[in-house]
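Structural overview
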Amino acid sequence: MKQKLESLLQQAVAGIKTQGILESDFIAQIQLERTKDPQHGDFATNLAMLLAKPAKQNPRQLAEKIVAALPADPAVVKVEIAGPGFINFFINPDSQFQIVRQVLEQGSAFGLSRIGAGQRVQVEFVSANPTGPLHVGHGRGAAYGSAVADLLEAAGFSVEREYYVNDAGRQMDILATSVWLRYLEACGEVLPFPSNGYRGEYVRDISANLHRSAGDKYRKPSAQVLADLPADEAQGGDKEKHIDALIERAKTLLGPEAYEQVFQAGLDEILQDIKDDLAEFGVGYQRWFSERSLMDDQSIDRALRRLDEAGFLYRQEGATWFASSRLGDEKDRVVVRDNGQTTYFASDIAYHMNKLDRGFDKIINIWGADHHGYIPRVKAAMQALGADDSKLKVLLVQFAVLYRGDEKVQMSTRSGEFVTLRQLRNEVGKDACRFFYVMRKSEQHMDFDLKLATSKTNENPVYYVQYAHARVCSVLRQLDEKGRQRDPLLGMQHLHLLTEEQESALLTTLSRYPETLERAALNYEPHQLIQYLRELANQFHSYYNAHQFLVDDDKLCNARINLVCAVRQVLANAMSLLKINTPEAM
RNA sequence: GCGCUUGUAGCUCAGCCGGAUAGAGCAUCGGCCUUCUAAGCCGAGGGUCGCAGGUUCGAGUCCUGCCAAGCGUGCCA
């Protein structure tokens with residue numbers, strides 16, 4: 001309908017051009033929007049006001065000429081000029097009714113769009129370090145990222161979801177060392193635990209499993225482990241120096257092969273936990289991309305060579321620098337440290353080169369907002385590699401601040417004091433989790449109140465939407481219990497009986513679903529879909545309270561049942577997209 | 001200091017490419033269950049859209065400055 005009106009307006013513009021009112025080479029951008037007030041009809045355009053200046057006429061006069069040039073169409077019953085020069089369209093109610101038929105015929109496909117035209121989009125999200133279980137902060141990225149990916153898919157893009165596994169680097173060495181130290185404890189060794197180690201209970205679990213499967217294979221006497229170590233923080237020393245020395249000690253005492261086995265034991269178990277956790281949360285990936293693989297296949301070397309060949313690398317103070325400041329970054333960045341090790345950033349350059357090589361039309365990275373300072377340097381790297389950095393879109397997600405009632409829950413991975421995503425899911429349930437996480441715009445700070453999300457009362461918005469769905473199901477059950485039969489065909493023939501205020505509102509809202517989905521996808525804003533769901537559910541509940549559906553008149557009854565079935569279908573389509581359950585009874 | 005993000009009702013937040021009288025939930029107050037599920041509905045009160053300028057037919061929305069909050073500003077990841 002919207003498209004039809006837009007084309008009518010284009011024809012009208014062409015018409016006034018031939019009248020010489022407007023320069024013939026002027027390109028008019030048609031802006032057509034849904035009206036907020038039914039008095040203004042169904043659609044409105046500000047075209048006359050936009051063209052007033054180039055046409056050198058006052059908007060209302062021009063509007064009259066545009067309306068005069070507008071071709072007649074059976075779907076449009078009335079066109080009005082209002083306010084400063086708005087042109088309001090009133091749509092023939094008969095054509096409004098057809099949305100019910102359309103929804104029921106298309107079923108779960110209703111609302112899907114082809115606007116993406118099969119373009120290949122990669123969405124990388126969560127990508128939390130595999131040094132511990134996912135916590136509630138990662139949960140928001142998971143819910144948001146998968147919703148964005150699913151939305152894009154629904155809009156006709158070809159989507160690849162990817163998790164970048166940071167399985168290299170110092171943090172992983174700290175984890176491996178923490179696992180080993182807890183393992184030694186399990187063997188019966190007595191030794192202090194470093195203040196900078198991973199203290200979480202999950203590390204003990206991993207170590208216990210390792211001890212069960214490997215016995216004392218990795219055991220070394222504690223005296224040997226602790227000999228000549230720099231003091232830890234608790235003893236007035238430097239915790240960073242202490243932990244680095246412990247890592248070195250682990251590597252030398254165990255030897256490369258055994259160290260690698262301990263390392264791998266920690267990595268495997270944590271990664272598996274993350275995979276299970278996300279799967280249970282309804283989040284799936286096409287690919288898990290290992291950072292170590294970039295080292296193993298020399299991707300990092302190749303990436304650095306390409307930067308060097310392009311003249312963007314230089315040496316200074318023993319390190320190798322990338323001249324990112326020449327490409328919009330604040331300052332240059334180190335890619336190879338003076339100790340010869342490449343930085344995390346070097347891996348990331350190689351990773352993005354890999355993404356570019358895979359030929360995606362669009363690369364979407366979903367990062368925690370604390371990484372925003374990182375965007376310019378990655379874009380600089382892409383440019384230096386000769387790529388179009390506008391292919392990369394970084395979407396930032398603010399961390400959710402967790403409250404238990406009024407009390408703010410403090411979190412830190414290292415200390416082990418954090419609420420995990422799994423705990424949250426167990427406490428709140430998957431549906432409420434996903435709903436709450438994507439309810440807000442991603443770059444908004446979010447207060448996640450556990451008490452509110454766990455409450456099974458009316459304070460909880462997810463139930464509101466689910467309840468609307470369950471209510472339609474309940475109506476159909478009632479119909480059956482009354483011994484009556486649904487007659488969809490009869491209902492279709494009498495959709496014109498749906499003239500109540502609430503019915504018109506629902507028809508309009510249903511017809512808005514496809515454009516809402518499209519807009520949510522193109523703007524990467526799943527919260528728009530949530531807003532829509534709440535509005536649709538609200539209108540349905542109002543309708544439910546104002547009118548009886550199962551009336552004696554078979555024609556009206558079936559028309560209404562068709563309408564509420566269409567409502568149920570659209571509710572279900574949007575909720576399934578967001579991986580929220582659609583209960584048939586509550 | 002500089003950079004990014006945010007600032008809308010008591011609280012949590014929507015507000016589409018700049019559009020007509022700025023919306024919703026919670027909270028408060030008042031109504032609605034003999035009728036398809038009251039996890040619901042109807043109504044009321046509640047606003048200097050952080051502040052000040054600017055752009056224009058029109059600004060919560062765009063621009064500039066200021067104020068406030070969060071984050072960033074590592075040869076950490």
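Just so we're clear, the structure is a prediction, and the values are computed from it rather than from any experiment.

Take the sheet that holds strand β8 (residues 313-316) next. With antiparallel pairing, the three strands of this open sheet are ordered in space as β8-β9-β10. The outermost strands of the open sheet, each flanked by one partner alone, are β8 and β10 (333-336). Taking each pair of neighbouring strands and ignoring which way they run, the sheet shows an average axis angle of 45 degrees. Across three bridges, the pairing between strand β9 (residues 319-322) and β10 is antiparallel. Among the inter-strand pairings, Trp321 is bridged to a residue of β10, identified as Val334. Seen against the sheet, helix α12 (residues 344-357) touches β9 and β10 and runs at an angle of roughly 80 degrees to β10.

A few words now on the nonpolar core. Leu152, Trp180 and Tyr437 are the most contacted members of the largest nonpolar core, which totals 132 residues. Tallying contributions element by element places helix α9 (residues 239-280) first for this core, with 16 residues. When near neighbours in sequence (up to four residues on either side) are disregarded, Tyr437 contacts Val136, Gly139, Arg140, Ala143, Phe281, Leu421, Leu424, Met446 and Phe448. Membership of the second largest hydrophobic core comes to 33 residues, among which are Val336, Ala350, Tyr374 and Met382.

One pass over the structure, following the stated rule, counts 25 salt bridges. The closest approach of N and O atoms between Asp216 and Arg219, which form a salt bridge, is 3.3 Å. Asp216 sits in the partly exposed class, given a relative accessible area of 42%. Judged by relative accessible area, which is 31%, Arg219 ranks as partly exposed. For Glu503, the salt bridge goes to Arg560, with nearest N and O atoms at 2.9 Å. On the criterion of sequence distance, the pair formed by Glu503 in helix α19 (residues 501-522) and Arg560 in helix α21 (residues 554-577) is long-range, its members being 57 residues apart. Of the residues examined, Arg560 reaches a relative accessible area of 6% and is grouped as buried. Bridged by salt links that share partners, the residues Asp150, Glu153, Arg161 and Lys579 form one connected network.

It is worth spelling out the confidence of the model for chain A at this point. Close inspection of predicted coordinates is inappropriate for parts of the model with low pLDDT. With 97% of its residues at a pLDDT of 70 or more, chain A has an overall mean of 91. The ipTM, which scores confidence in the relative placement of chains, is 0.95 for this predicted complex, and the corresponding pTM is 0.93.

Turning to helix α3 (residues 59-69), a few remarks are in order. Looking at α3, one finds that the buried residues are Leu62, Ala63 and Ile66. For α3, the arc enclosing every buried residue in end-on projection is 105 degrees, short of the 170-degree limit, so these residues lie on one face. Residues of α3 that are exposed and point more than 90 degrees away from the buried face comprise Glu64 and Ala68. On its buried face, α3 is in contact with α1 (2-18), α2 (47-55), β3 (76-82) and β4 (86-91).

Turning next to the protein's contact with RNA strand B. In the vicinity of RNA strand B lie 64 residues, with Tyr464, Tyr467, Ser474, Arg519 and Tyr544 positioned nearest. Within 4 Å of the protein, atoms of RNA strand B come from sugar and phosphate in 64% of cases. At 3.3 Å, a side-chain N or O of Lys331 approaches a phosphate oxygen of RNA strand B. Here a phosphate oxygen of RNA strand B and a backbone polar atom of Lys441 are 2.9 Å apart. For the surface near RNA strand B, the secondary structure elements donating two or more residues are α2, β4, β9, β15 (446-449), α17 (461-481) and α20 (527-546). By residue class, the composition of the surface near RNA strand B is 23 nonpolar, 23 polar and 18 charged.

Within the secondary structure layout, Ser113 lies in the loop between α4 (93-106) and β5 (120-124). A distance of 2.9 Å separates the side chain of Ser113 from the backbone nitrogen of Ile115, its partner in a polar contact. Polar contacts involving the side chain of Ser113 include one to the side chain of Glu518, which spans 2.9 Å. Not counting residues within four places of it along the chain, the set of residues in contact with Ser113 comprises Ala154, Ala155, Gly156 and Glu518.

Counted residue by residue, strand β11 (residues 362-368) has six buried out of seven residues, so it is predominantly covered. As paired elements, β5 and β11 share four bridges and run parallel to each other. Within β11, the residue paired with Glu124 across the bridge is Asn365. In this structure, β11 lies alongside strand β12 (residues 392-397), joined through six bridges in parallel fashion.

Right, let's talk about α19 for a bit. For α19, spanning 22 residues, the distance from its first C-alpha to its last is 32 Å, which sits close to the expected 32 Å at 1.5 Å a residue. Taken as a whole, α19 carries its principal kink of about 40 degrees at Tyr513; the proline Pro514 stands between one and four residues after it.

Two numbers describe how α1 lies on α3: the axes approach to 8 Å, and their chain directions differ by 110 degrees. As summarised for this structure, α1 and α3 are arranged roughly perpendicular, according to the angle between their axes. Read as a crossing pair, α1 and α3 show a hand that is right-handed. Of the residues in α3, those in contact with Leu9, Ala12 and Ile16 of α1 are Leu62, Lys65, Ile66 and Ala69. Its residues assigned to classes, the contact of α1 with α3 comprises six nonpolar, no polar and one charged.

Summarising the element assignment, Ser127 is placed in the loop between β5 and α5 (136-154). A relative accessible area of 13% means that Ser127 is categorised as buried. A polar side-chain atom of Ser127 sits 3.0 Å from the main-chain amide nitrogen of Tyr164. Contacts of Ser127, omitting those with residues within four sequence positions, involve Tyr163, Tyr164 and Asn166.

Conventions used here
Residues numbered from 1 in each chain as written. Chains lettered and ligands numbered in written order. Predicted model: local features only at pLDDT ≥ 70, side-chain atom pairs only at ≥ 80, totals over all residues. Heavy atoms only, no water. Pairing = 2+ DSSP bridges. Helix = DSSP H or I, 4+ residues; strand = E, 2+ residues; numbered from the N terminus. Axes fitted to C-alpha atoms, helices over the stretch in contact; angles between N-to-C directions. Contact = heavy atoms within 4.5 Å. Core = buried A, V, L, I, M, F, W, Y, C linked by side-chain atoms within 4.5 Å. Buried < 20%, exposed > 50% of the residue type's maximum accessible area, 1.4 Å probe, protein only. Salt bridge = Lys/Arg side-chain N within 4 Å of Asp/Glu carboxyl O. pLDDT = per-residue confidence, 0-100. Arc of directions from axis to C-beta. Near = heavy atom within 4 Å. Polar contact = N/O pair within 3.5 Å; in protein donor to acceptor, adjacent residues only side chain to side chain. Nonpolar A, V, L, I, M, F, W, Y, C, P; charged D, E, K, R; others polar. Expected span 1.5 Å × (residues − 1). Bend = angle between axes of the 7 residues up to and from the residue. Parallel < 35°, antiparallel > 145°, perpendicular 65-115°, else oblique. Left-handed = near helix turned anticlockwise from the far one by under 90°.

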